[in-house]
Amino acid sequence: MAPPTEKRTHGKRIIRRRSLLAGAGALGAIGALGAAGCSRVPNGDTLARLQGAGTVRLGIAGEVPYGYINDAGEFTGEAVELAKVIFKRLGVDNVQPVATDFASLIPGLNTQQFDVVSAGMYINKERCQQVIFADPEYQMLDSFIVRKGNPMNLHDYADVVKAKAKFGTGTGYAEIQYAVDAGYKESDIVILQDQVAGLNAVEAGRIDVFAGTALTTREVTKKSRKAEHTEPFAPLVDGKKHVDGGGFTFRPTDTKLRDAFNVEIHKMKKSGELFRILQPFGFTKAEMTTLTAEELCR
Ligand SMILES: CC1=N[C@H](C(=O)O)[C@@H](O)CN1
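Counting of residues starts from 1 at the beginning of each chain's written sequence and follows it residue by residue. It should be noted that, the model being predicted, local features are given only for residues of pLDDT at least 70 and side-chain atom pairs only at 80 or more, the latter also being counted only at that level, while totals for whole chains, interfaces and linings use all residues. In computing side-chain values, all of the structure's heavy atoms are included and hydrogens and water are not.

Looking at the domain arrangement of the protein chain
As annotated, the domain borders come from an automatic or database domain assignment. Domains assigned within the protein chain are domain 1 (7-138 + 245-297) and domain 2 (142-241). Should any heavy atoms of two residues lie within 4.5 Å, those residues are counted as being in contact. Between domain 1 and domain 2, the residue contacts involve 15 residues of the former and 14 residues of the latter. Values labelled buried area give the accessible surface lost by two parts on being combined, using a 1.4 Å probe and summing over both. Interface of domain 1 and domain 2: buried area, both sides summed, is about 1,200 Å²; carbon and sulfur atoms make up 50% of it. On the domain 1 side of the contact with domain 2, Glu-63, Val-64 and Tyr-122 bury the most area, a combined 35% of that side's loss. We define a salt bridge as a contact between a side-chain nitrogen of Lys or Arg and a carboxyl oxygen of Asp or Glu at a distance within 4 Å. Taken together, the connections running from domain 1 to domain 2 amount to zero salt bridges. Whenever a nitrogen or oxygen atom comes within 3.5 Å of another N or O atom, the pair is scored as a polar contact, on the condition that within protein one atom can donate a hydrogen and the other can accept it, and that pairs from neighbouring residues in sequence are kept only if both atoms are in side chains. Taken together, domain 1 and domain 2 are joined by seven residue pairs in polar contact (both at pLDDT 80 or more). Gly falls in the polar group here, along with every residue not listed as nonpolar (Ala, Val, Leu, Ile, Met, Phe, Trp, Tyr, Cys, Pro) or charged (Asp, Glu, Lys, Arg). Residue composition of the side of domain 1 that touches domain 2, by class: eight nonpolar, three polar and four charged.

As structure tokens, this is what we get:
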């Protein structure tokens, strides 16, 4: 496996994994002993191990506003700020970011390279076969990055198919399936590293449209002179308009940790604290949700 690169920003240690799939066996074995170096805790009791270590490693995908490093070099985002609060209440004082691309979040989690995915990941049936989720902290629609003025008049996936637009989205994104469901040929989709690569590709005319969450496309186009975001819309799943919910992702064996996390998130929903944490990242009251992981996994 390629060695992780490490950079220091403002005294914080950020690890960037190059290849999360390679070397999974060796890392999995280390993880089984307790990735934080504590082997006295019974196998599978990740919460106890994290409490002993005092640090939880969060998988993030460098996506504003979910989990990213800001201009001041600080590790932040809605999911990251939420993780800081919840894990402290669970007896784990420190969070340690591990940055990777979106498609490597689930493989990286399942090979012990971080303890939880803190990237606002949408909860869906396919992912629920590989990982478990906390109940979502928000609900969300999709939108597109298009050239200024939206010259091809693209407002949803059906428009993209009809217009034969050159379509791109991020690696591992749920939006790949939404485009395929609408009739876009999967092998024609341009898969890009992330939303910044998507913006660059639209601005340069390499693609006509890049799909992402409504907040992702809004944030990344803020300073663009050549591209804009479209109005949020609900993709069709099984022919019906679908609202996504994004939540924290855990290894399938970590039900105890996930359940403890859920207790805290439900308290925060009830008290309004959840919204107070998410609001500075652009979330509105309409994006607060009563959806559950169980229903989104079906
Ligand atoms: C927060 C997020 N959600 C979508 C997904 O879960 O696939 C993708 O748009 C990537 N980013």
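Some remarks on the site of the ligand
Around the ligand, the surrounding shell holds 13 residues, and the nearest of these are Glu-63, Tyr-122, Arg-127, Ala-174 and Glu-175. Side-chain polar atom of Glu-63 to a nitrogen atom of the ligand: 2.8 Å apart, as the coordinates give it. Here Arg-127 contributes a side-chain N or O atom positioned 2.8 Å from an oxygen atom of the ligand. Residue exposure ignores everything except the shown protein chains as possible cover, and the areas themselves are Shrake-Rupley values with a 1.4 Å probe. Protein chains bury 100% of the 300 Å² of accessible surface belonging to the ligand in isolation. Taken together, domain 1 (7-138 + 245-297) and domain 2 (142-241) each give at least three residues to the shell around the ligand, which thus spans both. When at least one non-hydrogen atom of a residue lies within 4 Å of a molecule or strand, that residue is treated as near it.

Examining the pairing of strand E3 (residues 55-60)
A regular strand places its side chains so that they alternate between the two faces of the sheet. Throughout this description, buried means an accessible area under 20% of the type-specific maximum (1.4 Å probe, protein chains only), exposed means over 50%, and partly exposed covers the range between. Here a strand is any run of E in DSSP of at least two residues, a helix any run of H or I of at least four, and the numbering for each starts at the N terminus. In terms of residue burial, E3 counts as a mostly covered element, since five of its six residues are buried. When DSSP finds at least two bridges between two strands, those strands are taken to pair. Both E3 and strand E6 (residues 94-99) contribute to a ladder of six bridges, which runs parallel. By the bridge assignment, Arg-57 is partnered in E6 with Gln-96. As judged from the two bridges shared by E3 and strand E7 (residues 116-117), these two strands associate in the parallel manner. In the sheet register, Gly-59 faces E7, and the bridge partner there is Val-117.

A short note on the pattern of salt bridges
Side chains bearing opposite charge may pair, as long as their charged atoms lie close to each other. For the structure shown, the criterion picks out 11 salt bridges. Close ionic contact of Asp-208 with Arg-147 constitutes a salt bridge, the shortest N to O distance being 3.0 Å. Note that Asp-208 is positioned in the loop between helix H8 (195-203) and strand E13 (209-213) and Arg-147 in strand E10 (residues 142-147), a separation of 61 residues in sequence. Note on Asp-208: relative accessible area 15%, which makes it buried.

Considering the state of the cysteines
Pairs of cysteine sulfur atoms within 2.5 Å are identified as disulfides in what follows. The final tally for this structure, using the stated rule, is one disulfide. There is a disulfide in this structure between Cys-128 and Cys-297, and the S-S distance comes to 2.0 Å. Where Cys-128 bonds to Cys-297 through sulfur, the torsion about that S-S bond is close to -65°, and the disulfide is left-handed. Residue Cys-128 is located in helix H5 (residues 125-128), and its partner Cys-297 is located in helix H12 (residues 293-297); the two are separated by 169 residues in the primary sequence.

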